[in-house]
Amino acid sequence: MLCDGGTTVTDSFSIANIWMKPIRTGPALFGCESAVALSRFVEAWTYSALHPGIIRMVAKDIHDILDDKDKAYFRASRETA
């Protein structure tokens, strides 16, 4: 999460784009449009190929460390997804 000028940004790619603003000094995070495209490809692949497997491995561990009041919501929101 990032707060930028009073706006809260939670999407990681949007945060990366904020770091590309011209007010920053030093090299840009993405050097060219093809680097942006490659990054978007890797992001999409990660969400579709890696995340489903990772969540299966860690969901119970996350559930187990939550406060009791949060466990029901966590479980219900994952079971409907």
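Residues numbered from 1 in each chain as written. Predicted model: local features only at pLDDT ≥ 70, side-chain atom pairs only at ≥ 80, totals over all residues. Heavy atoms only, no water.

A. Representation of the packing of aromatic side chains in the model. For the structure shown, the criterion picks out 0 aromatic pairs. Seen from the ring of Phe 13, Arg 40 lies directly overhead, with NZ or CZ sitting 3.7 Å from the centre. (Phe/Tyr/Trp six-rings, centres within 6.5 Å; stacked < 30°, edge-to-face > 60°. Lys NZ or Arg CZ within 6 Å of the ring centre and 35° of its normal.)

B. Structural view of a nonpolar patch on the surface. On the surface, a cluster of nonpolar side chains totalling about 910 Å² of accessible area is made up of Leu 38, Phe 41, Val 42, Trp 45, Leu 50, Ile 54, Ile 55, Met 57, Val 58 and Ile 62. With respect to the helices and strands, the residue Leu 50 is situated in helix α2 (residues 33-65). Given the relative accessible area of 34%, Leu 50 is considered partly exposed. (Patch = residues over 30% accessible without salt bridge, like charges linked within 9 Å, V, L, I, M, F, W, Y side chains within 5 Å. Areas by Shrake-Rupley, 256 points an atom, 1.4 Å probe, with all protein chains shown as cover. Salt bridge = Lys/Arg side-chain N within 4 Å of Asp/Glu carboxyl O. Helix = DSSP H or I, 4+ residues; strand = E, 2+ residues; numbered from the N terminus. Buried < 20%, exposed > 50% of the residue type's maximum accessible area, 1.4 Å probe, protein only.)

C. How the structure looks around the packing of α2 against helix α3 (residues 68-79). Put simply, α2 and α3 touch, their axes get as near as 8 Å, and they point 155° apart. Taken together, the axis directions place α2 and α3 in an arrangement best described as roughly antiparallel. Where α2 approaches α3, its residues Ala 59, Ile 62, His 63 and Asp 64 are matched on the opposing element by Lys 71, Phe 74 and Arg 75. Of the residues that constitute the contact of α2 with α3, the class distribution is 3 nonpolar, 1 polar and 3 charged. (Axes fitted to C-alpha atoms, helices over the stretch in contact; angles between N-to-C directions. Parallel < 35°, antiparallel > 145°, perpendicular 65-115°, else oblique. Contact = heavy atoms within 4.5 Å. Nonpolar A, V, L, I, M, F, W, Y, C, P; charged D, E, K, R; others polar.)

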